[in-house]
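Inside the fold
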Amino acid sequence: MTALLEVDNLRVAYGKIEAVKGISFTVEAGEVVTLIGTNGAGKTTTLRTLSGLLTPTTGTIRFNGHPITGTPAHHIVALGLAHSPEGRHIFPRLTITENLQLGAFLRKDTTGITHDIHRAYELFPILGERAKQPAGTLSGGEQQMLAMGRALMSRPKLLMLDEPSMGLSPIMMRKIMDTIAELKASGTTILLVEQNAQAALSLADRGHVMEIGKIVLSGTGTDLLHDESVRKAYLGED
Amino acid sequence: MHELPQTLLSGLALGALYGLIAIGYTMVYGIVQLINFAHGEIVMIGGFGALTVRLWLPDSVPLAAALPLMLLGGAIASVAVATAAERFAYRPLRDAPRLAPLITAIGLSIALQQIIWAFYPDAKKSRGFPQFQGDAFELTGSIHLQRDDLFVLAAAPLCMLALGLFVAKSRTGRAMQATAQDPDTARLMGINTDRIIVIAFAIGGAFAAVAAVAQGLRAGQINFEMGFILGLKAFTAAVLGGIGNIYGAMLGGVVLGIAEAASTTYIQHIPGMQQLGGGGWKDVWAFVLLIVVLLVRPQGLLGERVADRA
């Protein structure tokens, strides 16, 4: 069986500066795969390339059997690849409901959309309470919930989450991580980029460690969590 | 103070005209952060498109019957030129430094003027534009409504209402709001942002054509240079109202129009300022108003602070 997502020798550059230097990895249906690494390792660039916001210099991306290298972003989401971007990027002057509706922009099944909005409110009750408020009035953690809920509205085959815990309080971070665990339990395939390596690796089936544009170490979440070099570099242990 | 109602009415008609044009600046700016300095020429092209239709129609067709077709012809011309400008002049420069599209816009503005000057029959001087015959409507003893102003006073609110509903209620309108607020994330939602940008230029073009017909009716003539000062005033209105905000554009237009009318009526009566009133100074007062508003509210009347637009 072929993987849901296959990335082969992907290279991405901003002008002359190469941010991703030939990485290869796969995500199987039902898995949670995490990319960890320091700032500037190329994790966000990788996700932005997978969702079509950036064009790679070389390499191939296959999603659900289709080559999607160079496909425009608005076609990629139609194939079932949703991206919750770093920094959340909710639409601040639209209401919470409108943000969720935009997540389902390409869907035509009105009743299904309404159903999924209610499901998002069940997952994140605070969003339901504030449905008519402009999304810009939400706290950082609430905005992260909205960004995740919005990405789920396209009913993706693969959900990409970029730094969902960034800038959140420990309580809110736990809440977000619990939600990702719930999504995993319900069978959602997730590609997770996180700075919080401990939390990400505890959750993930497999992980890859990125350093300056390359994958330097790969393994199961548990293996990486117990790897000595990972513990030193990313988990703050001597 | 007995001139006040008449001043307000005249200012409202002028302001509605500015507002229609200001919509074009503000929609494009809201979505691609480009000041389309060729937008005044899009208005001018709309005027010549409408005039062309009038010239094609037999003289026996009354103006009221010709008007819808003239609007259609003007809109086709304006929308075609506006969207072509987007596709061939601005889109290739989307990732270029901001100065590049700005200079392109100025160049395009001059080019469009010269094309009409050189190729439209008898356009080296003004061309007459049809006007409604008959006296102004007498609303009360001292308030008169010019027949030709009736058009813009009816058309502007209708256009604005239609645009407001479109942006707030339609799927495409929602996509426009999303694109204006965060273009990359809009693409992640599946929105074809290139298409949204074309639609913004097209709506601006259609409104420009309505404004051009209104201006032609008011002045009784159009010419290849008409877009310059109209465009500048409407741009002022858009900034005054808060650039990027469609309601701000209309409000800015109305405020500017009334201010101009009021300056013409009243300033000459202020002791010591007799020489600074009258029609010749109205442009000066319009820009004085702009400067004062921007000193107090740099984001314009209805604009959000830049920090809120992130």
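From a predicted model like this one, the values you see are computed outputs, not experimental measurements.

Notes on the overall build of chain B
The secondary structure content of chain B amounts to 11 helices and 4 strands. On C-alpha atoms alone, chain B measures out to a radius of gyration of 19 Å, which is about the 19 Å that the 2.2 N^0.38 rule sets for 310 residues. Counting over 310 residues, chain B shows a buried share of 51%. A separation threshold of at least 6 residues defines the contact pool for chain B, and within that pool the share at least 24 residues apart is 73%. Just so you have it, chain B exposes about 13700 Å², and 68% of that area is on carbon and sulfur atoms. Here chain B holds 20 positive side-chain charges and 18 negative ones, and the gap between their average locations is 7 Å.

Regarding the overall build of chain A
Counting its secondary structure elements, chain A contains 10 helices and 10 strands. Computed over C-alpha atoms, the radius of gyration of chain A comes to 17 Å, within 12% of the 18 Å expected from 2.2 N^0.38 for 238 residues, which places it in the range of a compact globule. Overall, chain A is about 45 × 40 × 35 Å in size when its C-alpha atoms are taken along their principal axes. Looking at chain A as a whole, 53% of its 238 residues qualify as buried. Residue pairs at least 24 apart in sequence account for 67% of intrachain contacts in chain A once pairs closer than 6 positions are excluded. Roughly 10100 Å² of accessible area belongs to chain A as shown, and the carbon and sulfur atoms make up 53% of that amount. Charged side chains in chain A number 23 positive and 24 negative. The centres of these two groups are separated by 7 Å.

Looking at a nonpolar patch on the surface
All names here are of chain B. On the surface, a cluster of nonpolar side chains totalling about 650 Å² of accessible area is made up of W281, V284, V288, I291, V292, L295 and V296. Position of V284 relative to the elements: it lies in helix α11 (residues 282-296). For V284, a relative accessible area of 37% gives the class partly exposed.

Remarks on the sheet that holds strand β6 (residues 81-84) of chain A
Residue and element names in this part refer to chain A. Spatial ordering of the open sheet is given by β6-β7-β8-β3-β9-β10, a layout of 6 strands whose pairing is mixed. The open sheet has two free edges, formed respectively by β6 and β10 (214-220), since each of these has just one partner strand. On average, each strand axis in the sheet is tilted by 15° relative to the strand beside it, whichever way the strands run. As judged from the 5 bridges shared by strand β3 (residues 32-36) and strand β8 (residues 190-194), these two strands associate in the parallel manner. If you follow L35 over to β8, its bridge partner there is V193. The strands touched by helix α7 (residues 170-185) are β3, β7 (158-162) and β8; relative to β8, the strand with the most contacts, the crossing angle is about 160°.

Let's talk about the sheet that holds strand β5 (residues 66-67) of chain A
All names here are of chain A. Strand order in the open sheet formed by 4 strands is β2-β1-β4-β5, and the pairing between neighbours is antiparallel. Edge positions in the sheet fall to β2 (17-27) and β5, since each has one partner strand and no second. Pairing of strand β1 (residues 5-14) with β2, which is carried by 8 bridges, proceeds in the antiparallel orientation. Directly across from E6, in β2, lies its bridge partner T26. Contacts from helix α1 (residues 43-50) reach β1, β2 and β4 (58-63), with the element oriented near 110° to β1.

Some words on the packing of aromatic side chains
Evaluated as defined, the whole model comprises 4 aromatic pairs over all chains. Aromatic rings pair up to connect Y25, F37 and F235 of chain B into one cluster. The lysine or arginine in question, K124 of chain B, covers the ring of W117 of chain B, its NZ or CZ lying 4.8 Å from the ring centre. The ring of F105 of chain A has R171 of chain B sitting right over it, with the charged end atom 4.0 Å from the ring centre.

Considering the interface of chain A and chain B
The partner chain B presents 20 residues to the 22 residues of chain A that form the contact. Across the chain A to chain B interface the summed buried area is about 2100 Å²; carbon plus sulfur atoms make up 57%. When residues of chain A are sorted by the area they lose upon contact with chain B, F91, R93 and F105 of chain A head the list and together hold 34% of the total. Between the two partners, chain A and chain B, sit 2 salt bridges. D184 of chain B is the salt-bridge partner of R48 of chain A, the closest N and O atoms lying 2.7 Å from each other. Between chain A and chain B we count 6 residue pairs in polar contact (both at pLDDT 80 or more) in total. Only α2 (73-79) and α3 (96-103) of chain A provide two or more residues apiece to the side of chain A that touches chain B. Per-element accounting of the side of chain A that touches chain B gives the leading share, 4 residues, to α3 of chain A. Among the residues making up the side of chain A that touches chain B, the classes are represented as 10 nonpolar, 7 polar and 5 charged.

Parameters at a glance
- Residues numbered from 1 in each chain as written.
- Chains lettered and ligands numbered in written order.
- Predicted model: local features only at pLDDT ≥ 70, side-chain atom pairs only at ≥ 80, totals over all residues.
- Heavy atoms only, no water.
- Helix = DSSP H or I, 4+ residues; strand = E, 2+ residues; numbered from the N terminus.
- Rg over C-alpha atoms; globule rule 2.2 N^0.38 Å.
- Buried < 20%, exposed > 50% of the residue type's maximum accessible area, 1.4 Å probe, protein only.
- Contact = heavy atoms within 4.5 Å.
- Areas by Shrake-Rupley, 256 points an atom, 1.4 Å probe, with all protein chains shown as cover.
- Lys, Arg positive; Asp, Glu negative; His and termini not counted.
- Charge placed at Lys NZ, Arg CZ, Asp CG, Glu CD.
- Patch = residues over 30% accessible without salt bridge, like charges linked within 9 Å, V, L, I, M, F, W, Y side chains within 5 Å.
- Salt bridge = Lys/Arg side-chain N within 4 Å of Asp/Glu carboxyl O.
- Pairing = 2+ DSSP bridges.
- Axes fitted to C-alpha atoms, helices over the stretch in contact; angles between N-to-C directions.
- Phe/Tyr/Trp six-rings, centres within 6.5 Å; stacked < 30°, edge-to-face > 60°.
- Lys NZ or Arg CZ within 6 Å of the ring centre and 35° of its normal.
- Buried area = accessible area lost by both parts, 1.4 Å probe.
- Polar contact = N/O pair within 3.5 Å; in protein donor to acceptor, adjacent residues only side chain to side chain.
- Nonpolar A, V, L, I, M, F, W, Y, C, P; charged D, E, K, R; others polar.

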